[in-house]
4 protein chains.
Amino acid sequence: MEIRTDLALEARELVKEDIKGMKMTTESTANMKITKMEVLSQSAAESLGKDKGTYITCEFKALTADFTAADERLDIIGRQIRELVPKSGTALVVGIGNHNITPDALGPLAAAKVLATRHISGDLAQSLGLDKLRSVCVVSPGVLGQTGIEVSELISGIIEKTGASCIIAVDALASRRLNRLGCTVQISDTGISPGAGVGNNRRVISKKTTGIPVIGIGVPTVVDAATLAADLLSPDSEEDGEKLRAMVEPKGQMMVVTPREIDLLIERASFLIGMAINVALHPDFTAEELLELSK
Amino acid sequence: MEIRTDLALEARELVKEDIKGMKMTTESTANMKITKMEVLSQSAAESLGKDKGTYITCEFKALTADFTAADERLDIIGRQIRELVPKSGTALVVGIGNHNITPDALGPLAAAKVLATRHISGDLAQSLGLDKLRSVCVVSPGVLGQTGIEVSELISGIIEKTGASCIIAVDALASRRLNRLGCTVQISDTGISPGAGVGNNRRVISKKTTGIPVIGIGVPTVVDAATLAADLLSPDSEEDGEKLRAMVEPKGQMMVVTPREIDLLIERASFLIGMAINVALHPDFTAEELLELSK
Amino acid sequence: MEIRTDLALEARELVKEDIKGMKMTTESTANMKITKMEVLSQSAAESLGKDKGTYITCEFKALTADFTAADERLDIIGRQIRELVPKSGTALVVGIGNHNITPDALGPLAAAKVLATRHISGDLAQSLGLDKLRSVCVVSPGVLGQTGIEVSELISGIIEKTGASCIIAVDALASRRLNRLGCTVQISDTGISPGAGVGNNRRVISKKTTGIPVIGIGVPTVVDAATLAADLLSPDSEEDGEKLRAMVEPKGQMMVVTPREIDLLIERASFLIGMAINVALHPDFTAEELLELSK
Amino acid sequence: MEIRTDLALEARELVKEDIKGMKMTTESTANMKITKMEVLSQSAAESLGKDKGTYITCEFKALTADFTAADERLDIIGRQIRELVPKSGTALVVGIGNHNITPDALGPLAAAKVLATRHISGDLAQSLGLDKLRSVCVVSPGVLGQTGIEVSELISGIIEKTGASCIIAVDALASRRLNRLGCTVQISDTGISPGAGVGNNRRVISKKTTGIPVIGIGVPTVVDAATLAADLLSPDSEEDGEKLRAMVEPKGQMMVVTPREIDLLIERASFLIGMAINVALHPDFTAEELLELSK
């Protein structure tokens, strides 16, 4: 049984020894703990099993019913995203995942909250007072099984047609710890692997493969049942591996641990991420103004 | 950490010693294993923590994409339900649970597949060739937090107005074992406790409280994360209970284990149960005929 | 071809002569025109084809994307409802209609926004600071074809069990004029006929049939195609009635006229009505506070 | 007031005189009337206001609750589509429209029923017995307001990446006659204009603009209220145009006429079209086999 996590922060915890070529800084406010992790050398990347680059992890209290666009967390995360995003050019926001599978619907639902503006320009934009909006396009490409098209193919076609200068890709993640579900956000400049968070590895979308910066944003929505099991058992446990696997992954089915109210978690987290992206891309507007525009 | 299960069959497994005043018989076909468990004495009921009465458990292979109304499993389960349901009078089908929470939506979704017929009668029914349909009414009462009304209150009001002769109540359950999710059905004549399957105990709905027979039908859709943990750890484990609980129920949140594709499981299982109830109540029609009528 | 309308105000317009035993007053603000129509005599009721009682009609500008809980219209309508609702006792809010049919989903969607409080009481309510909330229960009974139970039966069962002191029933209406769709609200104390607005007459729910005051709230969501046709043709038109009917109601199907974006109209109008009911029932709280509580 | 229709057949009816350079043939079976209209000359195209090419119109009885994959209409329409589609190469199916607006959701919902196969190939396909399936990809590009990307841009990106040999684009249409809603299908080889059916003209997608054959498939889901009005009024009516327009398009809002049960119409029509496309593309499989595979 293996520990699986999509969070660089948790990958770091799993490595017992010192890692060279890595820098970590932490900053805390009343509402948020922000850890910036820079993986600088190839050997550090290999130790961690994570690509070279910057990983920003925001940890905060669970989102509750009173969470609105006025919430400070949304602004803080928006500003963290803004730091990694190129300052000009068309931004392409991509909602990764399958909107029919609740724990995997974060990406498409977050994308649905993002304001598409690329088609509003010139005189029209000016007359609406929207000429300070940045050019943004938004797409939820679906999953390979529904479309027959790799997300990476679809995206590279769009980049060519739109001349996008960067990608912001949102995806559901798997973490190691249940207490992170819905209340941790990872932002990185290393790109993403669609489906990694939920068991289907697909071609990587990164600066290397697309030619433009790719900012990945993810929220853990599940813990693998096998990971929970591995964590519960002492490392020197003499349990029968076969029997254990049959218990946590019967018939090879992927089992995940989530809050019972997973639908609420997804709804709130996708609102948080969608609005934080709006805040990141349009510094001249408040979250509330952007919410109205996005309706 | 405690083992939690809504299945009488699993409750039996948890009791190590012999139980008197209990009868179990098993019957297997190519597609289904059916276990009939009769809890006959009060002391047996107490040992098990389950009320006196009959519990029929159907175990079968997971439902896959090719599952249709023509499937034999649907017919077999329909006939098992038929055995516990009074032969005449209006049947009241109740879909218990919250249709906004995926793992809890089984009841309302199954009820939506059940054919309501009570309002079709006399000449109209005859002219439609439907005079052989039994009188059925169907309700999904929602949950207390949304309605402010106990399910038991709502149901007893309906019984008075409709003169229903029996209740068939469908609810999502919690089992101990992940390999049961979506492929076990429990049918009992002991009534149900709405919300029991997902952590909210509400007033019991049974023959005692309603005055008419109550057939409960449930399908396990989750395993409590705490139950999985308890099962993984050896009984004499010296783990720190507090730490363990923080791990599987962080901040007291209820965590559950489900297949990643929980939405598909719920969709298929609710079709199975809804149609099996139709088959049980209308012996003169085939499942396919009833499916068309229910559209 | 006949003019059909569920609005008392439009029924008045259709009667050319003077009606005795009727009082009408109008009041206008920047955002709202409110017409109060009191039908005082039985002969006036017959002339109009509307029951004796009070009809308040609120007319306002169409709801647009920037409509929020802070909107003044929501408060004004809430206060109009409050005037007709008894000041104490449990209020039973009923969302009439079929949530699967977009133009008919207003009732269930509005009910879903109403805060149920009857189950929060005593010490719990006090500890939450909610002891000033009035007791409210909420139900969306579905339609006869899905349940086999008349809405009137279901409601009278609930009244007995909960001891409700009044009913607030929300339903989609048909108006004569397209320019009213989504921007007119009718509030009356004369009860409602479920399904009247969309062509299925069902038993009346009124003080006479339930024993308690029934406040009906409706928003026009459609105009019958036949009504539009009748209005377009001059009264002395010699058109062939048969041919005309085939054109606007082919094969007897009911055709309706709506905005193309009917889904948005329903979403906004149900938010308006649901929140206005909250405002009406809980005078000690603002709309925004009630919105948070209702999440 | 102008008559608006997306159907070539209705456009023909509107032209009173003879049109040269046009060929029409009709064929009827028990369940279907098929009219093939070939617009051969540029002058004919101009008279009709439709591009040169072939338009096949299938007229049939309204789809009712008993409509299934075994229905003959599905097969007949599938074979008509097959005639216009190139026999080999990857087919790209595009669901045009906004899935959040009921009358406009036909395209995305039909696309969701189409089997994507391009990613299943070689040994995998053979082992599944699927090597006789044609390569298909499927995309629902959303609408410009949500994405900021023209459908034509998105599609041309996909053609480049996938090497698709033809496009099959599905869209909701507007017809002149209410009796066509949901029971007429138009199939043409002239391409489509996304949004034409519901009032938003967008760039044409055709062989000329994409370089590959574009088969357009549409079902009328609405009649413009203005078109109904124009049809109701005698041509020499002296009605005040201004007043009339205010009546059928108040405040410039687009009003449409639909069956009250528009949701059912859309559900059934999208199943019909999605499955007919499957039948057209995979001649070695029956509709029922393809339905199972598409789940």
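Predicted model, so just to flag it, every value in this text is computed and none were measured.

1. A short note on the overall build of chain A
The helix and strand inventory of chain A stands at twelve helices and nine strands. Relative to the globule expectation of 19 Å for 295 residues, the C-alpha radius of gyration of chain A, 19 Å, shows essentially globular dimensions. If you line up chain A on its principal axes, its C-alpha atoms span 70 × 40 × 40 Å. Each of the 295 residues in chain A was classed as buried or not, and the buried ones make up 59%. Taking all contacts inside chain A whose residues are at least 6 apart in sequence as the whole, residues at least 24 apart take part in 73%. Charged side chains in chain A number 32 positive and 39 negative. The centres of these two groups are separated by 3 Å.

2. A look at the relation of the copies chain C and chain A
Expressed as a screw operation, the relation of chain C to chain A combines 0.0 Å of axial shift with a rotation of 180°, fitting to an RMSD of 0.0 Å. What we have between these two chains is a two-fold relation. Relative to the rotation axis, the closest C-alpha in chain C is found at Thr68(C), a distance of 6.1 Å. Both copies present the same face, since 100% of the interface residues in chain C are matched by interface residues at the equivalent positions in chain A.

3. A word on the interface of chain C and chain A
The interface of chain C with chain A comprises six residues on the first partner and six residues on the second. Summed over both partners, the interface of chain C with chain A buries about 500 Å², with 51% contributed by carbon and sulfur atoms. The three residues of chain C that bury the most area against chain A are Ala65(C), Glu292(C) and Lys295(C), which together make up 73% of that side's buried surface. The tally of links between chain C and chain A comes to zero salt bridges. Our count for the contact surface shared by chain C and chain A stands at zero residue pairs in polar contact (both at pLDDT 80 or more).

4. A closer look at the packing of helix 3 (residues 72-84) of chain D against helix 11 (residues 262-281) of chain D
All names here are of chain D. In the contact formed by helix 3 and helix 11, the axes pass within 8 Å of each other and the chain directions differ by 55°. Of the possible angle classes, the one that applies to helix 3 and helix 11 is oblique. Handedness of the crossing formed by helix 3 with helix 11: right-handed. Contacts between helix 3 and helix 11 involve Arg73, Leu74, Asp75, Ile77, Gly78, Ile81 and Arg82 on the former and, on the latter, Phe271, Leu272, Met275, Ala276, Ile277, Val279 and Ala280. Among the residues forming the contact of helix 3 with helix 11, the class breakdown is ten nonpolar, one polar and three charged.

5. Side note on the side chain of Glu10(B)
Residue and element names in this part refer to chain B. Here glutamate 10 lies in helix 1 (residues 8-14). Of the polar contacts made by the side chain of glutamate 10, one reaches the backbone nitrogen of arginine 177; its length is 3.4 Å. For glutamate 10, the contacting residues outside a window of four places in its chain are Thr5, Ser175, Arg176, Arg177 and Arg180.

6. Focus on the interface of chain B and chain A
Contacts between chain B and chain A engage 35 residues on the former and 35 residues on the latter. Between chain B and chain A, a total of about 3,000 Å² is buried, with carbon and sulfur atoms accounting for 64% of that surface. Its largest share of buried area at the contact with chain A, chain B owes to Leu232(B), Met247(B) and Arg260(B), together 28% of the area lost on that side. The tally of links from chain B across to chain A stands at two salt bridges. Between Arg260(A) and Asp104(B) there is a salt bridge, and its shortest N-O distance comes to 3.7 Å. Our count for the contact surface shared by chain B and chain A stands at nine residue pairs in polar contact (both at pLDDT 80 or more).

7. Some details on the relation of the copies chain B and chain A
For the pair of chain copies, the relating operation is a rotation around an axis with a shift along it. Of the two same-sequence chains, chain B is brought onto chain A (RMSD 0.0 Å, axial shift 0.0 Å) by a rotation of 180°. The overlap is high: 100% of the interface residues of chain B also sit at the interface in chain A, so the same surface is used on both sides.

8. Some thoughts on the pairing of strand 1 (residues 22-28) of chain C
Bridging between strand 1 of chain C and strand 2 (residues 33-39) of chain C involves seven bridges; their strand directions are antiparallel. Paired with Thr26(C) across the two strands is Thr35(C), which belongs to strand 2 of chain C.

9. A few points about the packing of aromatic side chains
All names here are of chain B. Taken as a whole and judged by the stated rule, the model has four aromatic pairs over all chains. Between phenylalanine 67 and phenylalanine 271, the ring centres sit 5.8 Å apart and the planes meet at 85°, which makes this aromatic pair edge-to-face. Here the residue phenylalanine 67 occupies a position in the loop between strand 3 (53-59) and helix 3 (72-84), and phenylalanine 271 occupies one in helix 11 (residues 262-281), the gap between them amounting to 204 residues. We classify phenylalanine 67 as buried; its relative accessible area is 6%. Overall, the relative accessible area of 16% leaves phenylalanine 271 in the buried class.

10. Digging into the pattern of salt bridges
Within this structure, the stated rule accounts for 52 salt bridges over all chains. In this structure, Arg177(D) and Asp231(D) form a salt bridge, with 3.5 Å as the shortest nitrogen-oxygen distance. Note that Arg177(D) is positioned in the loop between strand 6 (166-174) and strand 7 (184-188) and Asp231(D) in helix 9 (residues 225-232), a separation of 54 residues in sequence. Arg177(D) gets classed as partly exposed once you look at its relative accessible area, which sits at 27%. Where salt bridges share partners, they join Glu10(A), Glu13(A), Glu59(A) and Arg180(A) into one cluster.

11. Looking at the environment of Ile215(A)
Residues and elements named next belong to chain A. With respect to the helices and strands, the residue isoleucine 215 is situated in strand 8 (residues 214-224). The spatial distance from the C-alpha of isoleucine 215 to the C-alpha of isoleucine 167 is 6.1 Å, given a sequence separation of 48 residues. Every residue in contact with isoleucine 215, bar those within four places of it in the chain, is listed here: Leu84, Val85, Pro86, Ile167, Ile168, Ala169, Ile187 and Ser188.

12. Topic: the confidence of the model for chain A
Mean pLDDT over chain A works out to 91, with 95% of the residues at or above the 70 mark. Both scores are given for the predicted complex: the pTM is 0.93, the ipTM 0.91.

13. Observations regarding unusual backbone geometry
Its identity as a non-glycine residue notwithstanding, Lys251(B) has a phi of 55°, on the positive side. Looking at the secondary structure, you find Lys251(B) in the loop between helix 10 (241-248) and strand 9 (255-259).

14. Focus on the pairing of strand 2 (residues 33-39) of chain A
All names here are of chain A. The antiparallel pairing of strand 1 (residues 22-28) with strand 2 creates a hairpin that spans four residues between the two strands. Relative to strand 3 (residues 53-59), strand 2 runs antiparallel, the two being bridged by seven bridges. Bridge pairing in strand 3 places lysine 33 opposite glutamate 59.

What counts and how
Residues numbered from 1 in each chain as written. Chains lettered and ligands numbered in written order. Predicted model: local features only at pLDDT ≥ 70, side-chain atom pairs only at ≥ 80, totals over all residues. Heavy atoms only, no water. Helix = DSSP H or I, 4+ residues; strand = E, 2+ residues; numbered from the N terminus. Rg over C-alpha atoms; globule rule 2.2 N^0.38 Å. Buried < 20%, exposed > 50% of the residue type's maximum accessible area, 1.4 Å probe, protein only. Contact = heavy atoms within 4.5 Å. Lys, Arg positive; Asp, Glu negative; His and termini not counted. Charge placed at Lys NZ, Arg CZ, Asp CG, Glu CD. Least-squares fit on C-alpha atoms with pLDDT ≥ 70 in both. Buried area = accessible area lost by both parts, 1.4 Å probe. Salt bridge = Lys/Arg side-chain N within 4 Å of Asp/Glu carboxyl O. Polar contact = N/O pair within 3.5 Å; in protein donor to acceptor, adjacent residues only side chain to side chain. Axes fitted to C-alpha atoms, helices over the stretch in contact; angles between N-to-C directions. Parallel < 35°, antiparallel > 145°, perpendicular 65-115°, else oblique. Left-handed = near helix turned anticlockwise from the far one by under 90°. Nonpolar A, V, L, I, M, F, W, Y, C, P; charged D, E, K, R; others polar. Pairing = 2+ DSSP bridges. Phe/Tyr/Trp six-rings, centres within 6.5 Å; stacked < 30°, edge-to-face > 60°. pLDDT = per-residue confidence, 0-100.

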